[in-house]
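Below, each chain spelled out in residue letters.
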Amino acid sequence: MGCCTSTESKRDWKPLEERSCTDIPWLIIFTVFCIGMLCICGYPIATGAASRLISGYDSYGNTCGKNNTKIEGVPLSGRDMTENKYVFFLDPCNVDLVNRKIKSIALCVSKCPAAELTSYSDLKQFALNNGSHLCSYDITPTRYTGHGDRFTKCPKLPVVPSKPIPVLHRCIPVDVGCYAEFAQAFITFVSDNTVLRRIVAGVMASKEIIMGLCVLALVLSLILMVVIRYITKVLVWILTVLVVIGSIGGTAVLWWLYVDHRKALDSNTLSVFGKEVASDNVKALLIYAIVATIFTVVLLLVMFFMRKRVALTISLFHVAGKVFIHLPLLALQPFWTFLCLMLFWVYWIAVLLALGTSGMPVKNNSTGVVEYQMQGPLQYLVWYHAVGLIWISEFILAFQQMTIAGAVVTYYFTRNKSQLPATPILSSMLRAIRYHLGTLAKGSFIITLVKIPRLILTYLHSQLKGKENACARCMLKACVCCLWCLEKCLAYLNQNAYTATAINSTSFCTSAREAFVILVENALRVAAINTVGDFVLFLGKILVVSCTAFAGVLALNYQRDYTVWVLPLLIVCLFAFLVAHCFLSVFENVVDVLFLCFAVDTKYNDGSPGREFYMDKALMEYVENSKKQGLYKSGDGDGREMKPMARGGTSA
C-alpha cells in the first residue's frame, strides 16, 4: 500500500506482454468505502428520511401521506395524514436567506388552493368543500372566522394560488406576493425597454441558425484534430516569433520609458509634488525593466535550448492525428465521463438532501417547530459523504485517463496496426476494470487528500473577507495557491503513472516513480510539449470559436426578423469553445501518453535486431534527425549511444 516498495533499479519494460492485478489492497479499501456510501444511502431510507424528503413533513413531525406515531412533548404529532399528501406553508414569503429554508409553519393538506383566497370565510368554504384544512390542526374549519389565534395559526391573507411539485409534494405559490416588487420591476423593464424582447425574439427566430452553427463547431473540432498535425509547424514558428518580438519589444519599451522619465526628473522643471510622483514612477519603471530583462533573458535561453526539441512536439501531434484516425471513438470519452459524473452527482445530491431530513425529531422550544437532526457519531455521515463526492469523482476522471492511456499504448506498441483489437477502446476499459481499479483508486485518493484541505482553506478565506486580520487572509490565500499548484502537479504525475501502468502493468507507486524518472530525464522535451503544445491547442480552440463566430455573423446578417445578435452569437461561441475544449483536451492527453511511450521506447530500444523501435515513422524521422544533430549522445536517455535503427520496427 505504501510508496516505499523496493524495485529493481534497472528493469526491462515489456509493453502489453504481461498483465497482473495492481494495488489490490487499495481496491479493497475503495470497495469498502463505496459500500459505506451505499450504507449512507440506505440509512435515510431505513429511518424514513427518504420518505420525508419526497412526501414532506409538517412543523410537528408528521410525514404527509402516511399514518404517524406520537412524538413525546409535541401535542399535534402522531396524526393520520394518509389523505393529506401535500405540504402547505402558512407564509411562504418568510424565507431565511442565511440558513436557506422557509421559516413558515408547515401543514399537511389534501389539496393545494387553486384559486386566490382573500378572507377567512374563503378559507372556511375551501375546507368544507375540499376537505383541505389550511389552518392549524387544533382549529376546526367552522371556527376559522372567529378564532382568536387565526392570525398566527392560519395562512397569511390573501392566499395565492399554488401548485404541488410533481415529485416532492410541496405546494408552491404560482405568484408569490413577496416577489411582487421584483416582478413589477421586471415587467416595467420589459414594457419600457424593447432590448430584452428583441434579444429573446432573436434567439427564437434564429434557433435553426444556432443549431446549425453548433453542428458546424462540432465538425470544425473534428476536422481540426486531424488537420492540426499539418499546421503545427507553422503555429510553432508563429509562436516563436511572437514570443521573441513581444519579450524583446516589451523590455525595450520599459527601458525607454525609464530613460524618458529619468530625463524629465533631472530637468528641474517639475514642482516639488511632481518630483515626488516622478521619482516613484522612475523607481517603479526601473524595477519593471529589470524584471522584464531577467524574464526575457531566461525565456530566450530556454527557447534556445529547446529549439531542437520543439520538433518532437510537432512529430507527436502528427502521430496523435493518426491515433484519432485509427481510434475515432476516443473523441467521445469526455461525453461518457460527463454522463457518469452527472448521474453520480444527481445520486449524491439526492442522498445529501435525504440526510438533511434524517435523525431524531427535536422540538424548538421557542417556536414549537419540530426538526429532524442527526446527533452523536451519525452527524459525521455528511463529512463521509462529502469525501465520497471528491474521491469517486476523481476516480471516474482517472478511469477516463486510464482508458485513453490504454488505447493509445495499445496503438503505439502494436507494430502491425492491422492487428489492433477490433474495439481497442472497449478492450482498454475492460483491461482497466479487470486489472487496474486499485491503481485508479489510489491515484484518485492522493488527489482527494490535496483537494479537501484546499477546499477547506478556500472556504475559510471566503469567510474572512472583509475582516481586519489581513495577515491571516494572505497566509490562507498563499496556502490555497500552493495546494492548487501541488494538485495540478500530482494530477499530471498521476496521468503519467496511469500510462506507465497501462504499458507495463505495475503498481501505482512503481509506475509513478518510473514515470517521474523518465520525465526528469526528458525535462526539456516535457517543457517544450507543455508550453508549445498547450499553446497550439489553445490557438486551435480560438480558431474554432473564431470560425464559428464568423459564420454566425454571416448567417445572422441575412436574418432580418430581428436586430440584436448578442445572445444568439454568445450562445454559439460558448458552445463552440466547450466542444473544442472537450475534443482538444483529449488530444492533449493523447500527446502526453504518446510522449511517455516514445520516451520508454527510446530508453530501452536502440533499433538493433531484437531491440527494434515501436515508434511511428514520423517519430523515427525525428530520432534520425536528432541523432545527426547529436541530441542522443551520452547523457541523454539511459546514457547509451544510439545504434543504427532497424526499419522493421516502424509503422507508417
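Let me sum up the structure you'll find in this document. (Residues numbered from 1 in each chain as written. Predicted model: local features only at pLDDT ≥ 70, side-chain atom pairs only at ≥ 80, totals over all residues. Heavy atoms only, no water.)

## Describing a nonpolar patch on the surface
Side chains of L329, L332, F335, W336, L339 and L343 sit close together on the surface and give an oily, nonpolar patch of about 610 Å² of accessible area. Residue position: L332 is located in the loop between helix 9 (310-326) and helix 10 (333-356). (Patch = residues over 30% accessible without salt bridge, like charges linked within 9 Å, V, L, I, M, F, W, Y side chains within 5 Å. Areas by Shrake-Rupley, 256 points an atom, 1.4 Å probe, with all protein chains shown as cover. Salt bridge = Lys/Arg side-chain N within 4 Å of Asp/Glu carboxyl O. Helix = DSSP H or I, 4+ residues; strand = E, 2+ residues; numbered from the N terminus.)

## Overview of the state of the cysteines
One pass over the structure, following the stated rule, counts 3 disulfides. Note on cysteine connectivity: C112 is disulfide-linked to C171, with sulfurs 1.9 Å apart. In this structure the cystine formed by C112 and C171 twists about its S-S bond by roughly -75°; its chirality is therefore left-handed. Note that C112 is positioned in the loop between strand 4 (106-109) and helix 3 (120-130) and C171 in strand 6 (residues 171-173), a separation of 59 residues in sequence. With relative accessibility at 6%, the residue C112 sits in the buried group. For C171, a relative accessible area of 3% translates into the label buried. One disulfide in the model links C135 with C154; its S-S distance is 2.0 Å. A torsion of 115° about the S-S bond marks the disulfide between C135 and C154 as right-handed. With C135 in the loop between helix 3 and helix 4 (150-153) and C154 in the loop between helix 4 and strand 5 (162-164), the pair connects residues that are 19 residues apart, well separated along the chain. For the residue pair C135 and C154, the accessibility class agrees, reading buried in each case. The thiol of C41 is not disulfide-bonded; the next cysteine sulfur, from C39, is found 9.7 Å away. (Disulfide = S-S within 2.5 Å. Buried < 20%, exposed > 50% of the residue type's maximum accessible area, 1.4 Å probe, protein only.)

## Structural notes on the packing of helix 11 (residues 381-412) against helix 12 (residues 424-435)
Where helix 11 contacts helix 12, the two axes come as close as 8 Å, and the packing angle between them is 125°. Judged on the interaxial angle alone, helix 12 and helix 11 are oblique. The two elements helix 11 and helix 12 meet at a crossing, and its hand is right-handed. Here F399, M402, T403, G406, A407 and T410 of helix 11 come into contact with helix 12, specifically with P424, I425, S428, M429, R431, A432 and I433. Taken together, the residues of the contact of helix 11 with helix 12 sort by class into 8 nonpolar, 4 polar and 1 charged. (Axes fitted to C-alpha atoms, helices over the stretch in contact; angles between N-to-C directions. Parallel < 35°, antiparallel > 145°, perpendicular 65-115°, else oblique. Left-handed = near helix turned anticlockwise from the far one by under 90°. Contact = heavy atoms within 4.5 Å. Nonpolar A, V, L, I, M, F, W, Y, C, P; charged D, E, K, R; others polar.)

## Observations concerning unusual backbone geometry
Between L157 and the following residue, P158, the backbone shows a cis peptide bond with an omega angle of -5°. By secondary structure assignment, the location of P158 is in the loop between helix 4 and strand 5. We note that D23 has phi near 55°; this positive angle belongs to a residue other than glycine. A relative accessible area of 11% places D23 in the buried class.

## Quick notes on the packing of aromatic side chains
Counting across every chain of the model gives 12 aromatic pairs. Relative to Y258, the ring of W255 has its centre 5.9 Å away and its plane inclined at 85°; by these criteria the two rings are edge-to-face. One end of the pair is W255 and the other is Y258, both in helix 7 (residues 207-266) and 3 residues apart, which spans about a single turn. Classification of Y258 by relative accessible area gives buried; the value is 17%. (Phe/Tyr/Trp six-rings, centres within 6.5 Å; stacked < 30°, edge-to-face > 60°.)

## Description of the pattern of salt bridges
Enumeration over the complete set of coordinates arrives at 4 salt bridges. Across the pair D138 and K153 runs a salt bridge whose closest N-O atoms are separated by 2.9 Å. Here D138 is found in the loop between helix 3 and helix 4, whereas its partner K153 is found in helix 4, with 15 residues between them in sequence. Note on D138: relative accessible area 37%, which makes it partly exposed. For K153, a relative accessible area of 26% puts it in the partly exposed group.

## Comments concerning helix 12
Here helix 12 spans 16 Å end to end across 12 residues, near enough to the 16 Å set by a 1.5 Å rise per residue. Among the residues of helix 12, P424, I425, S428, R431, A432 and Y435 are the ones counted as buried. One side of helix 12 carries all its buried residues, which in axial view fall inside an arc of 120°. More than 90 degrees from the buried face of helix 12, the exposed residues found are L430 and R434. (Expected span 1.5 Å × (residues − 1). Arc of directions from axis to C-beta.)

## Details of the nonpolar core
In terms of nonpolar packing, the biggest core is built from 86 residues, with L330, Y412, F587, V590 and L594 touching the most fellow members. The element best represented in this core is helix 17 (residues 566-604), accounting for 19 residues. Setting aside its immediate chain neighbours within four residues, L594 contacts L316, V319, A320, V323, V408 and Y412. If you look at the next biggest cluster of nonpolar residues, it comprises 31 residues, including V87, C108, C112 and Y144. (Core = buried A, V, L, I, M, F, W, Y, C linked by side-chain atoms within 4.5 Å.)

## Remarks on the environment of K603
For K603, the location among the structural elements is in helix 17. Classification of K603 as buried rests on a relative accessible area of 13%. Considering only alpha carbons, one finds K603 and W13, 590 residues apart in sequence, at a separation of 9.8 Å. At 3.2 Å, the side chain of K603 and the side chain of E521 are in polar contact. (Polar contact = N/O pair within 3.5 Å; in protein donor to acceptor, adjacent residues only side chain to side chain.)

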